[in-house]
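These are the residues of each chain, in order.
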Amino acid sequence: MGRLSAALVAFVLVAITLAACGGKPGPGEGKTEIVTTFYPLQFIASRVGSDRVDVRSLVKPGVEAHDFEPTATDLRAMSQADVFIYNGLGFEPWVDRALRSIERDDLIVVEAGLPGDERDADHAEDGHEDPHVWLDPILLIGQVAHIR
(Lines give C-alpha, C1' and ligand atoms only; values in the text may rest on other atoms or scores of the structure.)
Protein backbone atom coordinates (compact mmCIF):
# COMPACT_ATOMS: atom_id res chain seq x y z
CA MET A 1 0.00 0.00 0.00
CA GLY A 2 1.39 3.39 -0.94
CA ARG A 3 2.17 6.06 1.65
CA LEU A 4 -0.72 8.23 0.47
CA SER A 5 -3.15 5.29 0.64
CA ALA A 6 -1.93 4.41 4.14
CA ALA A 7 -2.39 8.01 5.25
CA LEU A 8 -5.92 8.07 3.82
CA VAL A 9 -6.81 4.82 5.59
CA ALA A 10 -5.39 6.23 8.84
CA PHE A 11 -7.44 9.41 8.46
CA VAL A 12 -10.63 7.42 7.87
CA LEU A 13 -9.93 5.24 10.93
CA VAL A 14 -9.40 8.33 13.10
CA ALA A 15 -12.64 9.85 11.81
CA ILE A 16 -14.56 6.63 12.55
CA THR A 17 -13.04 6.39 16.03
CA LEU A 18 -13.95 9.99 16.82
CA ALA A 19 -17.51 9.54 15.55
CA ALA A 20 -17.98 6.34 17.58
CA CYS A 21 -16.91 8.04 20.80
CA GLY A 22 -19.64 10.66 20.69
CA GLY A 23 -22.66 10.58 22.94
CA LYS A 24 -24.73 12.61 25.34
CA PRO A 25 -24.30 12.82 29.09
CA GLY A 26 -26.87 10.90 31.08
CA PRO A 27 -29.44 12.59 33.27
CA GLY A 28 -27.82 14.43 36.16
CA GLU A 29 -24.30 13.98 34.86
CA GLY A 30 -22.07 17.04 34.55
CA LYS A 31 -19.46 17.61 31.90
CA THR A 32 -15.89 16.51 32.45
CA GLU A 33 -13.55 19.49 32.59
CA ILE A 34 -10.42 18.89 30.50
CA VAL A 35 -7.38 21.13 30.18
CA THR A 36 -4.88 20.42 27.40
CA THR A 37 -1.56 22.04 26.70
CA PHE A 38 -2.18 23.07 23.09
CA TYR A 39 -4.76 23.07 20.29
CA PRO A 40 -4.25 19.69 18.57
CA LEU A 41 -4.84 17.92 21.90
CA GLN A 42 -7.83 20.18 22.59
CA PHE A 43 -9.29 19.27 19.19
CA ILE A 44 -8.83 15.53 19.76
CA ALA A 45 -10.21 15.61 23.33
CA SER A 46 -13.26 17.64 22.31
CA ARG A 47 -14.04 15.21 19.48
CA VAL A 48 -13.50 12.11 21.62
CA GLY A 49 -15.55 13.52 24.51
CA SER A 50 -18.21 15.15 22.34
CA ASP A 51 -20.79 17.06 24.36
CA ARG A 52 -19.79 15.24 27.56
CA VAL A 53 -16.71 17.43 28.01
CA ASP A 54 -15.61 21.04 28.24
CA VAL A 55 -12.08 21.37 26.88
CA ARG A 56 -9.73 24.32 27.00
CA SER A 57 -6.17 24.75 25.86
CA LEU A 58 -3.53 26.56 27.89
CA VAL A 59 -1.45 27.70 24.91
CA LYS A 60 -3.43 30.35 23.08
CA PRO A 61 -3.44 30.79 19.28
CA GLY A 62 -0.35 32.61 18.08
CA VAL A 63 1.75 31.60 21.10
CA GLU A 64 4.75 29.34 20.46
CA ALA A 65 3.99 26.09 22.31
CA HIS A 66 7.67 25.20 22.70
CA ASP A 67 8.38 28.40 24.67
CA PHE A 68 5.16 28.58 26.69
CA GLU A 69 5.29 29.13 30.45
CA PRO A 70 2.05 28.78 32.44
CA THR A 71 0.67 31.71 34.40
CA ALA A 72 -1.00 31.50 37.81
CA THR A 73 -4.34 31.45 35.98
CA ASP A 74 -3.18 28.49 33.89
CA LEU A 75 -2.06 26.59 37.00
CA ARG A 76 -5.43 27.29 38.62
CA ALA A 77 -7.22 25.94 35.54
CA MET A 78 -5.08 22.79 35.68
CA SER A 79 -5.81 22.32 39.38
CA GLN A 80 -9.57 22.70 38.87
CA ALA A 81 -9.79 20.33 35.89
CA ASP A 82 -10.90 16.71 36.04
CA VAL A 83 -8.36 15.71 33.37
CA PHE A 84 -5.10 17.25 32.19
CA ILE A 85 -3.76 16.14 28.79
CA TYR A 86 -0.29 16.93 27.53
CA ASN A 87 1.82 15.65 24.66
CA GLY A 88 5.00 14.70 26.51
CA LEU A 89 8.12 13.55 24.67
CA GLY A 90 9.80 16.77 25.81
CA PHE A 91 7.34 19.00 23.95
CA GLU A 92 6.20 20.83 27.12
CA PRO A 93 9.26 21.03 29.41
CA TRP A 94 7.27 22.98 32.03
CA VAL A 95 4.65 20.28 32.70
CA ASP A 96 6.49 18.31 35.40
CA ARG A 97 7.13 21.49 37.37
CA ALA A 98 3.50 22.60 36.99
CA LEU A 99 2.11 19.21 38.05
CA ARG A 100 4.32 19.21 41.17
CA SER A 101 2.72 22.52 42.19
CA ILE A 102 -0.78 21.03 42.04
CA GLU A 103 -1.71 19.22 45.21
CA ARG A 104 -4.46 16.91 43.98
CA ASP A 105 -4.33 13.15 43.93
CA ASP A 106 -7.52 12.79 41.88
CA LEU A 107 -6.41 14.82 38.83
CA ILE A 108 -6.26 12.45 35.87
CA VAL A 109 -3.09 13.15 33.91
CA VAL A 110 -2.78 11.80 30.37
CA GLU A 111 0.51 11.87 28.47
CA ALA A 112 -0.79 11.57 24.92
CA GLY A 113 2.54 11.23 23.11
CA LEU A 114 3.55 7.74 22.16
CA PRO A 115 6.48 6.01 23.87
CA GLY A 116 9.32 4.81 21.65
CA ASP A 117 8.15 1.19 21.60
CA GLU A 118 4.91 2.29 19.90
CA ARG A 119 6.77 4.20 17.19
CA ASP A 120 9.11 2.97 14.52
CA ALA A 121 12.61 4.15 13.66
CA ASP A 122 11.30 6.19 10.73
CA HIS A 123 9.86 8.69 13.21
CA ALA A 124 13.11 9.38 15.05
CA GLU A 125 15.32 12.20 13.88
CA ASP A 126 19.03 11.85 14.69
CA GLY A 127 18.22 9.31 17.41
CA HIS A 128 15.73 11.67 19.12
CA GLU A 129 12.01 11.16 19.04
CA ASP A 130 9.99 13.77 17.20
CA PRO A 131 7.31 14.97 19.65
CA HIS A 132 5.01 16.17 16.85
CA VAL A 133 2.99 12.94 16.94
CA TRP A 134 -0.30 14.51 15.81
CA LEU A 135 1.23 15.42 12.41
CA ASP A 136 1.54 11.75 11.36
CA PRO A 137 -1.90 10.25 10.57
CA ILE A 138 -0.74 6.76 11.54
CA LEU A 139 0.65 7.90 14.90
CA LEU A 140 -2.39 10.11 15.43
CA ILE A 141 -4.51 6.97 15.72
CA GLY A 142 -2.48 5.91 18.76
CA GLN A 143 -2.65 9.39 20.23
CA VAL A 144 -6.46 9.39 19.91
CA ALA A 145 -6.53 6.00 21.66
CA HIS A 146 -4.42 7.36 24.54
CA ILE A 147 -6.78 10.28 24.99
CA ARG A 148 -9.90 8.13 24.71
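Whatever comes next refers back to the structure up there.
Residues numbered from 1 in each chain as written. Predicted model: local features only at pLDDT ≥ 70, side-chain atom pairs only at ≥ 80, totals over all residues. Heavy atoms only, no water.

Novice: Honestly, the environment of Pro70 in this entry has me stumped. Any pointers?
Specialist: Looking at the secondary structure, you find Pro70 in the loop between β2 (53–57) and α3 (72–80). A C-alpha to C-alpha distance of 7.5 Å links Pro70 and Leu58, two positions 12 residues apart in sequence. (Helix = DSSP H or I, 4+ residues; strand = E, 2+ residues; numbered from the N terminus.)

Novice: Sorry if this is basic, but what is going on with helix α5 (residues 137–147) here?
Specialist: Think of an α-helix as turning once every 3.6 residues; residues three or four places apart then point the same way. Listed in full, the buried residues belonging to α5 are Leu139, Leu140, Gly142, Gln143, Val144 and Ile147. A distance of 2.8 Å separates the backbone nitrogen of Ile138 from a side-chain oxygen at the start of α5, and that oxygen is part of Asp136. (Buried < 20%, exposed > 50% of the residue type's maximum accessible area, 1.4 Å probe, protein only. Polar contact = N/O pair within 3.5 Å; in protein donor to acceptor, adjacent residues only side chain to side chain.)

Novice: Which parts of the structure should I look at to understand the side chain of Gln143?
Specialist: Mapped onto the elements of the fold, Gln143 is located in helix α5. At 2.9 Å, the side chain of Gln143 forms a polar contact with the side chain of Asn87. The residues contacting Gln143, other than those within four sequence positions of it, are Leu41, Ile44, Asn87, Ala112, Gly113, Leu114, Val133 and Trp134. (Contact = heavy atoms within 4.5 Å.)

Novice: Help me out: how do you make sense of the pairing of strand β4 (residues 108–111) in this one?
Specialist: Within a regular beta strand, the side chains point alternately toward one face of the sheet and then the other, so they alternate between its two faces. As paired elements, strand β3 (residues 83–86) and β4 share four bridges and run parallel to each other. Bridge assignment links Phe84 to a residue of β4, and that residue is Val109. (Pairing = 2+ DSSP bridges.)

Novice: Help me understand the environment of Arg148 in this model?
Specialist: Among the secondary structure elements, Arg148 is positioned in the segment after α5. For the pair Arg148 and Val48, spaced 100 residues apart in sequence, the C-alpha separation works out to 6.2 Å.

Novice: Quick question: what am I supposed to make of unusual backbone geometry here?
Specialist: When glycine is set aside, most residues are seen to have a negative phi, and most peptide bonds are trans. A positive phi angle is found at Ser50, which is not glycine, with a value near 55°. Mapping Ser50 onto the fold places it in the loop between α2 (39–49) and β2. For Ser50, a relative accessible area of 29% translates into the label partly exposed. Of note, the phi angle at Leu89 is positive, near 60°, even though the residue is not glycine. Here Leu89 shows up in the loop between β3 and α4 (95–101).

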